[in-house]
Amino acid sequence: MATGAAEPQHRSFETLRVTPVQKHVLHVELNRPEKRNAMNIAFWREMVECFQDISQDSSCHAVVISGAGPIFTAGIDLVDMGNDFMMVDGEDTARKAWQLQQKIRAYQESFTVLEKCPKPVIVAVHGACIGGGVDLVCACDIRYCSQDAWFQVKEVDIGLAADVGTLQRLPKIVGSQSLVNELAFTARKMMAPEAQSCGLVSRVFPDKAALLQGALDLAASIAARSPVAVQGTKVNLLYSRDHPVPDSLRFMVS
């Protein structure tokens, strides 16, 4: 941005709070603490809007995501989301299935937008990270947590398969298909030490305050580097994750 340019205005959201906290760093909080940051219909729409804005904000070089209140997130808001899925339009089963498919694709975009955002996204998890929360953190670039954090792929307990990213991203993060299968088939909790040992998170902090400070310090360190170099690195790392080495090398010079 040009020297002396006005700070960009960030729109307000119902379920998210966006705050500039340091030079070139934005803090995005899941902001329904009274509902344990459960993900209602507005949340899924606002995640896309928020990170599309951040993608276009040249003053932002790095982002930290955290949860307001005592936990990171309880996952999907079953009451709100249940109503949305029960009210699928369509004259017959085939048309209803088509509409449901479109809804799921839209919900998938709510976390894929984190990967599409060229700015590195750091997530700071404290307390519970359940269901959709695991989908969210798997789409982030760097994952930190506090000692009291735990992770749960909860969907099988409510008769669902995790359908917005966990089953696709988690195996590539932890590198053990056996462990992913165990977590997804049983919905058991993964505590912070195991999350660090398997590679889901790279650092564990003693409490939420230390966690947030560590995440913000990392974001500031990233933001101090060339944004062109950092963002180009993110794009190439994500491409390389999903493509063979020869294709990734060709992409690098394309």
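The following refers to the structure shown. (Residues numbered from 1 in each chain as written. Predicted model: local features only at pLDDT ≥ 70, side-chain atom pairs only at ≥ 80, totals over all residues. Heavy atoms only, no water.)

1. Thoughts on the overall build of the protein
- Scanning the protein for helices and strands turns up ten helices and nine strands.
- What you see for the protein is a C-alpha radius of gyration of 18 Å, in line with the 18 Å of a compact globule of 254 residues.
- Oriented by its inertia axes, the alpha-carbon framework of the protein measures out at about 60 × 45 × 40 Å.
- Here the protein holds 254 residues, and 46% of them are scored as buried.
- Total accessible area on the protein is roughly 12600 Å²; 56% of this is exposed by carbon and sulfur atoms.
- Within the protein, one finds 25 positive and 28 negative side-chain charges whose respective centroids are separated by 3 Å. (Helix = DSSP H or I, 4+ residues; strand = E, 2+ residues; numbered from the N terminus. Rg over C-alpha atoms; globule rule 2.2 N^0.38 Å. Buried < 20%, exposed > 50% of the residue type's maximum accessible area, 1.4 Å probe, protein only. Areas by Shrake-Rupley, 256 points an atom, 1.4 Å probe, with all protein chains shown as cover. Lys, Arg positive; Asp, Glu negative; His and termini not counted. Charge placed at Lys NZ, Arg CZ, Asp CG, Glu CD.)

2. Regarding the sheet that holds strand E5 (residues 128–130)
- If you walk across this open sheet you meet the three strands as E5-E7-E8, and the pairing is mixed. One side of each edge strand has no neighbouring strand; the edge strands of this open sheet are E5 and strand E8 (189–191). On average, each strand axis in the sheet is inclined to that of its neighbour by 20 degrees, with strand direction left out of account.
- Relative to E8, strand E7 (residues 150–152) runs antiparallel, the two being bridged by three bridges. Pairing of Gln152 across the sheet is with Lys189, part of E8. (Pairing = 2+ DSSP bridges. Axes fitted to C-alpha atoms, helices over the stretch in contact; angles between N-to-C directions.)

3. With respect to the sheet that holds strand E3 (residues 62–67)
- Across the sheet, six strands lie side by side as E1-E2-E3-E4-E6-E9; this open sheet has mixed pairing. Two strands lie at the open edges of the sheet, namely strand E1 (16–22) and strand E9 (203–205), each paired on one side alone. Geometrically, the sheet is characterised by an average inter-axis angle of 25 degrees between neighbouring strands, direction not taken into account.
- Pairing analysis gives four bridges linking strand E4 (residues 121–125) to strand E6 (residues 142–146), with the strands arranged parallel. Bridge pairing links Ala124 to Tyr144 in E6.
- Lying on the sheet, helix H8 (residues 208–223) is in contact with E1, strand E2 (25–30), E3, E4, E6 and E9; it crosses E6 at an angle near 160 degrees. (Contact = heavy atoms within 4.5 Å.)

4. Structural notes on the side chain of Asn37
- Take Asn37: it is sitting in the loop between E2 and helix H1 (41–56).
- Ignoring sequence-local partners within four residues, the contact set of Asn37 consists of Leu30, Asn31, Arg32, Gly67, Ala68, Ile71, Phe72, Thr73, Ala74 and Gly75.

5. Some points on the pattern of salt bridges
- Per the stated rule, a full pass over the model turns up 16 salt bridges.
- Notably, a salt bridge pairs Arg188 with Glu194, separated by 2.7 Å at the nearest N-O pair.
- Residue classification places Glu194 among the partly exposed residues on the basis of a relative accessible area of 26%.
- When salt bridges that share partners are traced, they join Arg11, Arg45, Glu46, Glu49 and Asp53 into one network. (Salt bridge = Lys/Arg side-chain N within 4 Å of Asp/Glu carboxyl O.)

6. Structural notes on helix H3 (residues 93–116)
- Over its 24 residues, H3 runs 33 Å from end to end, which matches the ideal 34 Å to within 8%, given 1.5 Å per residue.
- At Ser110, H3 is bent by approximately 40 degrees, the largest bend along its length.
- Residues of H3 that are buried: Tyr107, Ser110, Phe111, Thr112, Val113, Leu114 and Glu115. (Expected span 1.5 Å × (residues − 1). Bend = angle between axes of the 7 residues up to and from the residue.)

7. Side note on the packing of aromatic side chains
- Counted by the stated rule, this structure contains six aromatic pairs.
- Where Phe43 meets Trp44, the ring centres are 5.7 Å apart and the plane angle is 85 degrees; that geometry is what we call edge-to-face. Across this residue pair, the class does not change: Phe43 and Trp44 are buried.
- Between Tyr239 and Phe251, the aromatic rings sit 3.8 Å apart at their centres with planes inclined by 5 degrees, giving stacked as the arrangement. Placement of Tyr239 in helix H9 (residues 227–242) and of Phe251 in helix H10 (residues 245–253) is noted, with a sequence separation of twelve residues between them.
- When its relative accessible area of 28% is taken as the criterion, Phe251 is described as partly exposed.
- Within the aromatic cluster, the residues linked to one another by ring pairs are Phe43, Trp44, Tyr107 and Phe111.
- Taking NZ or CZ as reference, Arg203 lies 5.8 Å from the ring centre of Tyr144, over its face. (Phe/Tyr/Trp six-rings, centres within 6.5 Å; stacked < 30°, edge-to-face > 60°. Lys NZ or Arg CZ within 6 Å of the ring centre and 35° of its normal.)

8. Structural notes on the pairing of E2
- For E2, a buried count of six out of six residues is recorded, marking the element as mostly surrounded by other parts of the structure.
- In sequence, E1 turns back onto E2 through a hairpin of two residues, with His24 there showing a positive phi of about 70 degrees.
- Judged from the six bridges that link them, E2 and E3 form a sheet pairing that is parallel. Of the residues in E3, the one forming a bridge with His27 is Val64.
- Traced from E2 through H1 to E3, the parallel crossover comes out right-handed. (Right-handed = clockwise from strand over helix to strand, strands pointing away.)

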